Amino acid sequence: MRITLAYLMAASVVLAACNSASSTAFAPPQSPPKLQHIVIMVQENRSFNNLFAGFPGANTAMEGPCKPKRPWCKTPQQIPLHSIKLKSGPVNRGTDIDHTHHGFKIECDADSNNVCRMDGFDLIFTGEAGNGPPAKTYPYSYVDRSEITPYWELAKEYTLADNMFSTDTASSFIAHQQIIAGTARWDADSSLTDEPTVPPWGCDASGPHGKKRFIFTPLLFRNGRYDRNGPFPCFSQYKTIADLLDATNVSYQFYVDNRKSPHDDFSGAVWNGFDAIKSFRYGPDWNAHISIPNTNIFADLKANKLPALSWVIPTLYDSDHPASGCNGGPWWVSSVINAIGASSAWKTTAVVVIWDDWGGWYDNVPPPQVNYTS
């Protein structure tokens, strides 16, 4: 599906605390000197239309098609989008929605030419893996603009990519492999899909009684077969960008939260893509380039130690993830950008904000199918 990407430079954002709307102000844009730093902020599970429906000049929609013969799908077979809060409820309380590969296929509803009709969003179920009650019209939603004001103001002032498509047709595990490796391909005929059986995701995963053999990462085969009993999620099948950075002595850090925070946050256990790369997890890079907690970026900025490349991974509560129980995402993104703005790196830094997958939310633009796997 289409995901959201914003490319931000020389922006100053006024902060607001979690659970309150954020306001935004900007310094005049300047022609930057040569870039020395790239900061990639990875937020969670929002389609482009879910965050930017109605954005001036962008390809968005305020209603979406549905299949006929459903009680809520009436002539002309369109469902008006409704506003929702970014804070959509506590985790695992039924306000997350299916964003597995199976859910993608239902929502896409591809025709004989593999072009998505985009009319199946009311046919999925709630729950991250679609294991809850029917979602019905809930995915036809957009986030209340007052809660995401900083995102809109940054998009207006700088750049918003409204036709940015992910190769991920599943949940966050695959997306977090793609942001470090550009792939989730397993072999010539299959790719990793969905997520490992249980968290934590990666080489540190353990099943009943600590036995790793009970943990699987599903595989999707090009002949249409889905194998739930795929490999243990500790991979040596592909290299990552870390291999290139190490070879050329380019500095980098992966800022991520603890696996278990005082707020029972799990982001460090599931959104640390490098944990699933065997050579990285058990080599020197783990201690040299994994910076825990994610707030270490503030200390590095103050000490003028921002690396050439940074990934910044939020806590669950600051991630924009549905059912996170908090609307802290705009606050978190603003706080990092403000800290960059106050540092010596300000004029030589590009900040890229992405949302890792569409999260099951309605989007109006059919994704292009390249080497489509059914």
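Residues numbered from 1 in each chain as written. Predicted model: local features only at pLDDT ≥ 70, side-chain atom pairs only at ≥ 80, totals over all residues. Heavy atoms only, no water.

Caption draft 1: Looking closely at the packing of aromatic side chains. Scanning the entire structure with this criterion turns up 22 aromatic pairs. Consider the rings of F280 and W286, whose centres lie 6.4 Å apart with planes at 85°: the pair is edge-to-face. Taken individually, F280 and W286 each receive the classification buried, so the pair is uniform in this respect. For the cation-ring pair, R281 lies above W286, with the distance from its terminal atom to the ring centre recorded as 4.1 Å. (Phe/Tyr/Trp six-rings, centres within 6.5 Å; stacked < 30°, edge-to-face > 60°. Buried < 20%, exposed > 50% of the residue type's maximum accessible area, 1.4 Å probe, protein only. Lys NZ or Arg CZ within 6 Å of the ring centre and 35° of its normal.)

Caption draft 2: Representation of the environment of K105 in the model. Relative to the helices and strands, K105 is located in helix α2 (residues 101-108). Judged by relative accessible area, K105 falls into the partly exposed class, the value being 37%. The sequence separation of K105 and C116 amounts to 11 residues, and the corresponding C-alpha distance is 8.8 Å. (Helix = DSSP H or I, 4+ residues; strand = E, 2+ residues; numbered from the N terminus.)

Caption draft 3: Fine view of the state of the cysteines. Counted under the stated rule, the structure contains three disulfides. Each disulfide pairs two cysteine sulfurs, and for C108 the partner residue is C116, the sulfurs being separated by 2.0 Å. The chirality of the disulfide connecting C108 with C116 is left-handed, given an S-S dihedral of about -90°. Exposure class is identical for C108 and C116. Each is buried. Covalently, C203 is tied to C234 through a disulfide, its sulfur atoms 2.0 Å apart. The disulfide joining C203 to C234 has a torsion of about 85° about its S-S bond and is therefore right-handed. Of the two residues, C203 is situated in the loop between β9 (190-192) and β10 (219-221) and C234 in the loop between β11 (226-227) and α5 (241-247); the sequence distance between them amounts to 31 residues. Given the relative accessible area of 16%, C234 is considered buried. (Disulfide = S-S within 2.5 Å.)

Caption draft 4: Representation of the sheet that holds β10. Spatial ordering of the open sheet is given by β8-β9-β10-β11, a layout of four strands whose pairing is antiparallel. Each end of this open sheet is capped by a strand with a single partner; those strands are β8 (185-187) and β11. (Pairing = 2+ DSSP bridges.)

Caption draft 5: Up close: α2. Among the residues of α2, those classed as buried are H101, G103, F104, E107 and C108. One side of α2 holds all its buried residues, which, seen down the axis, span an arc of 155°. Where α2 is buried, its residues meet β10. Positive backbone phi, approximately 50°, marks D109, located one or two places after α2. (Arc of directions from axis to C-beta. Contact = heavy atoms within 4.5 Å.)

Caption draft 6: Up close: unusual backbone geometry. At the junction of P199 and P200, the peptide bond is cis and its omega measures out at -5° in the coordinates. Here P200 lies in the loop between β9 and β10. Put simply, I292 and P293 share a cis peptide bond, and its omega is 0°. Mapping P293 onto the fold places it in the loop between β13 (290-291) and α9 (296-302). Of note, K136 is a non-glycine position whose phi angle comes to about 55°, a positive value. Mapped onto the elements of the fold, K136 is located in the loop between α2 and β6 (141-143). Accessibility expressed as a relative area gives 42% for K136, which makes it partly exposed. Of note in this structure, N249 is not a glycine but carries a positive phi near 55°. Its location among the elements puts N249 in the loop between α5 and β12 (252-255). On the basis of relative accessible area, N249 is assigned to the exposed category, the value being 72%.

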